[in-house]
Amino acid sequence: MVNLVQESNMLINTFSAASFMYLGYILWLKSYNDNTLANRWMALFLLFVGFLQLDDALGESGFYLQHPHLFNLLDLSIFAVSPILYFSVFHFTLPEQRISRRTILHFIPTFLLLLLSLPIHLLNRDELIELIKSDEALQIKLGTVEIIFYSILFMQCSTYLIFSLRKILRHQKQLRKISSNSAKTDLNWLKFFWIGISLMLLLWIAEVVFLDQTVMQQSGWGYLICCYYLGFYATKQKEIFPYAQKDLEAIAEIIQDKSHEVKPETEIEFQQKEQLRLLLEEKKPYLDPELSLPKLAQMMNCSTHELSSLINRGFERNFYQLINAYRIEESKRLLLEERLSHLNILAIGFEAGFNSKTTFNTTFKNHTGMSPLEYRKQHLLGD
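Residues numbered from 1 in each chain as written. Predicted model: local features only at pLDDT ≥ 70, side-chain atom pairs only at ≥ 80, totals over all residues. Heavy atoms only, no water.

Novice: What exactly am I supposed to notice about the overall build of the protein chain here?
Specialist: What the protein chain contains, in helices and strands, is 17 helices and zero strands. Compactness check: the protein chain gives a C-alpha radius of gyration of 27 Å against a globular reference of 21 Å for 383 residues, more than 25% above the reference. When its C-alpha atoms are laid out on the principal axes, the protein chain stretches across 90 × 45 × 35 Å. Of the contacts made within the protein chain by residues no fewer than 6 positions apart, 74% connect residues no fewer than 24 positions apart. In the structure as shown, the protein chain presents an accessible area of about 20900 Å², 60% of it carried by carbon and sulfur atoms. (Helix = DSSP H or I, 4+ residues; strand = E, 2+ residues; numbered from the N terminus. Rg over C-alpha atoms; globule rule 2.2 N^0.38 Å. Contact = heavy atoms within 4.5 Å. Areas by Shrake-Rupley, 256 points an atom, 1.4 Å probe, with all protein chains shown as cover.)

Novice: I keep staring at empty space enclosed by the protein and nothing clicks. Help me out?
Specialist: To find leftover empty space, one rolls a probe the size of a water molecule over the atoms. Tallied over the full model, the rule gives three cavities of 30 Å³ or more. If you add up the space inside the largest cavity, you get close to 50 Å³. The element that contributes the greatest number of residues to the lining of the largest cavity is helix α7 (residues 144-174), accounting for four residues. Class assignment for the residues of the lining of the largest cavity results in two nonpolar, three polar and two charged. (1 Å grid on protein atoms, 1.4 Å probe; cavity = no way out; pocket = protein on both sides within 12 Å on 5 of 7 lines; lining within 4 Å. Points joined across faces, edges and corners; volume = space filled by probe spheres on them. Nonpolar A, V, L, I, M, F, W, Y, C, P; charged D, E, K, R; others polar.)

Novice: Explanation requested: the nonpolar core in the structure shown.
Specialist: The biggest cluster of nonpolar side chains holds 75 residues, and the ones touching the most others in it are F193, L276 and L307. Residue contacts for L276: discarding those within four places in its chain leaves L296, M300, L307, L310, I311, F315 and L322. (Core = buried A, V, L, I, M, F, W, Y, C linked by side-chain atoms within 4.5 Å. Buried < 20%, exposed > 50% of the residue type's maximum accessible area, 1.4 Å probe, protein only.)

Novice: How should I be thinking about the environment of N72 in this particular structure?
Specialist: Within the element layout of this structure, N72 appears in the loop between α3 (63-66) and α4 (81-93). Between the C-alpha atom of N72 and that of I132, which follows or precedes it by 60 residues, the distance is 9.3 Å. Aside from chain neighbours lying at most four places away, what touches N72 is S117, I120 and H121.

Novice: Would you mind going over helix α13 (residues 304-314) with me for this structure?
Specialist: Residues spaced three or four apart along an α-helix face the same direction, because each turn holds 3.6 residues. Listed as buried for α13 are T304, L307, S308, L310, I311, N312 and G314. Just downstream of α13 lies E316, where phi reads positive at about 55°.

Novice: What is the right way to read the state of the cysteines from this model?
Specialist: Two cysteines joined by a covalent bond between their sulfur atoms form a disulfide. If you walk through the whole model with that rule in mind, you get zero disulfides. Take C227: it sits in no disulfide, and the sulfur closest to it among the cysteines is that of C226, at 8.9 Å. For C227, a relative accessible area of 3% gives the class buried. (Disulfide = S-S within 2.5 Å.)

Novice: Would you take a moment to explain the environment of R98 for this structure?
Specialist: Position of R98 relative to the elements: it lies in the loop between α4 and α5 (108-117). Between the C-alpha atom of R98 and that of L47, which follows or precedes it by 51 residues, the distance is 21 Å. Other than its neighbours up to four places away in sequence, R98 contacts L37 and H91.

Novice: Hey, could you run me through the pattern of salt bridges in this one?
Specialist: Once the charged atoms of two side chains with opposite charge are near each other, the side chains can pair. As enumerated under the stated definition, the model contains eight salt bridges in all. Ionic pairing is found between K332 and E329, a salt bridge with its closest N-O pair at 3.3 Å. With K332 and E329 both in helix α14 (residues 319-335) and three residues apart, this pair spans about one turn of that helix. E329 sits in the partly exposed class, given a relative accessible area of 48%. (Salt bridge = Lys/Arg side-chain N within 4 Å of Asp/Glu carboxyl O.)

Novice: Which parts of the structure should I look at to understand the packing of α4 against α7?
Specialist: Each packed pair of helices is defined by two parameters, the angle between the axes and the distance between the axes. Where α4 meets α7, the axes come as close as 9 Å, and the angle between the chain directions of the two elements is 5°. Looking at the two axes, α4 sits roughly parallel to α7. Between α4, through S82, P83, L85, Y86, V89, F90, F92 and T93, and α7, the contact on the second element is made entirely by Q156, C157, Y160, L161, F163, S164, K167, I168 and H171. Looking at the contact of α4 with α7, its residues break down into eleven nonpolar, five polar and one charged. (Axes fitted to C-alpha atoms, helices over the stretch in contact; angles between N-to-C directions. Parallel < 35°, antiparallel > 145°, perpendicular 65-115°, else oblique.)

Novice: How do you make sense of unusual backbone geometry when you look at a structure like this?
Specialist: The phi torsion of most residues other than glycine is negative, and most of the peptide bonds are trans. The residue N35 is not glycine, and still its phi comes out positive at about 45°. By the secondary structure assignment, N35 is in the loop between α1 (2-30) and α2 (36-61). The phi torsion at N301 lies on the positive side, around 60°, for a residue other than glycine. Within the fold, N301 resides in the loop between α12 (293-300) and α13.

Novice: I keep staring at the layout of surface pockets and nothing clicks. Help me out?
Specialist: Within this model, the second largest pocket holds a volume of roughly 370 Å³. Residue lining of the second largest pocket: 15 residues in total, with R176, S182, Y320, T359 and T363 positioned closest to the centre. Those elements that provide at least two residues to the lining of the second largest pocket are α14 and α16 (357-368). Ranked by residues supplied to the lining of the second largest pocket, first place goes to α16 with six residues.

Novice: Looking at this model, I keep getting lost on the packing of aromatic side chains. Mind explaining?
Specialist: Describing an aromatic ring pair means giving the distance of the ring centres and the angle of the ring planes. Applying the stated criterion to the full structure yields 23 aromatic pairs. Measuring from centroid to centroid gives 5.9 Å for Y86 and Y160, while their planes differ by 55°, and the two rings are tilted. Note that Y86 is positioned in helix α4 and Y160 in helix α7, a separation of 74 residues in sequence. Y160 matches Y86 in its accessibility class, with the two residues each being buried. Centre to centre, the rings of F149 and Y150 are 5.5 Å apart; their planes meet at 75°, and the pair counts as edge-to-face. Taking relative accessible area as the criterion, Y150 reaches 25% and is therefore assigned partly exposed. (Phe/Tyr/Trp six-rings, centres within 6.5 Å; stacked < 30°, edge-to-face > 60°.)

Novice: I would appreciate a short explanation of the confidence of the model for the protein chain in the present structure.
Specialist: Interpretation of this model should avoid reading the predicted coordinates in detail wherever pLDDT is low. Scored by pLDDT, the protein chain comes out at a mean of 87, with 92% of its residues at no less than 70. When mean pLDDT is taken per element in the protein chain, α4 scores highest with 95 and helix α10 (residues 245-256) scores lowest with 78. (pLDDT = per-residue confidence, 0-100.)

Quick look at the structure:
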């Protein structure tokens, strides 16, 4: 019965490993079109997770007893998985950020594990087989060293997951400085991806705590389901910063700028503010649902950074707030136009430049204190 359980675990883990590696391959191909550096980090993350799953499968099959010199090689990446995930999230949230020398500091635990593992691979075949058998015995009960090892690993994983979530949430807040409709680029899909990784961490903890074949079998199915869950959300992503190369550096500065120094308004800025006001009122660029800060800067014949500063200082708002304020005024006008009374609320929102019913309803209620439907009914009844 035990052999049947082990064989079942081996098959599940093998299929799971292949699925993670294939998903990594898909994201590597996707990196040629969208979010290049971020997707390559994510592909590497999925590849290493696949290695860990494959290591479990090989252990269950008795492969290492036949090829002892390959023992523990796939496990050496275990401390690299969390930093790789973090750098994937990091590059999804910041344009034009390159790998720096400090990046290597995050992989010091991986290098240390590699060094500590070197003596193991200097052992002869018989000694390695004895070591593998003793490692299998630890699957029944953990020793002190193993408890310390797994505790450190759990703290590392948890820390990087927390930092990754903070990056995503900060991105969603900062994106409003450059985008008027952030539904496609707000990384909500990555939040669901993060949830999937967190569930995998909980499954791994359950394996370590219970050390039970049945639990391991169930967790194997759990990893497989999580893989397809991750794939569903990862393949839905869009290019986060679809802007020209010349704009990306300015966008990076705008996103990372936490505060704006308040200075007296100059005559030139006053003229630019009036120019922007006329542009918004006469040409109504806000009706374009894909309007972005770089696109509006091009219409103003100024740099992206200059326009961002002008909006912040001249209108005391960010780009998202300014554009959607104009959209709300436009939607209020359209809601009360008799010739458009046949249009439903969603159609009015699209006409005003919104690209999502949720965004339209939420933004409208924040500005007016009522939903678009309530606004239309109240004012039409008042007439």
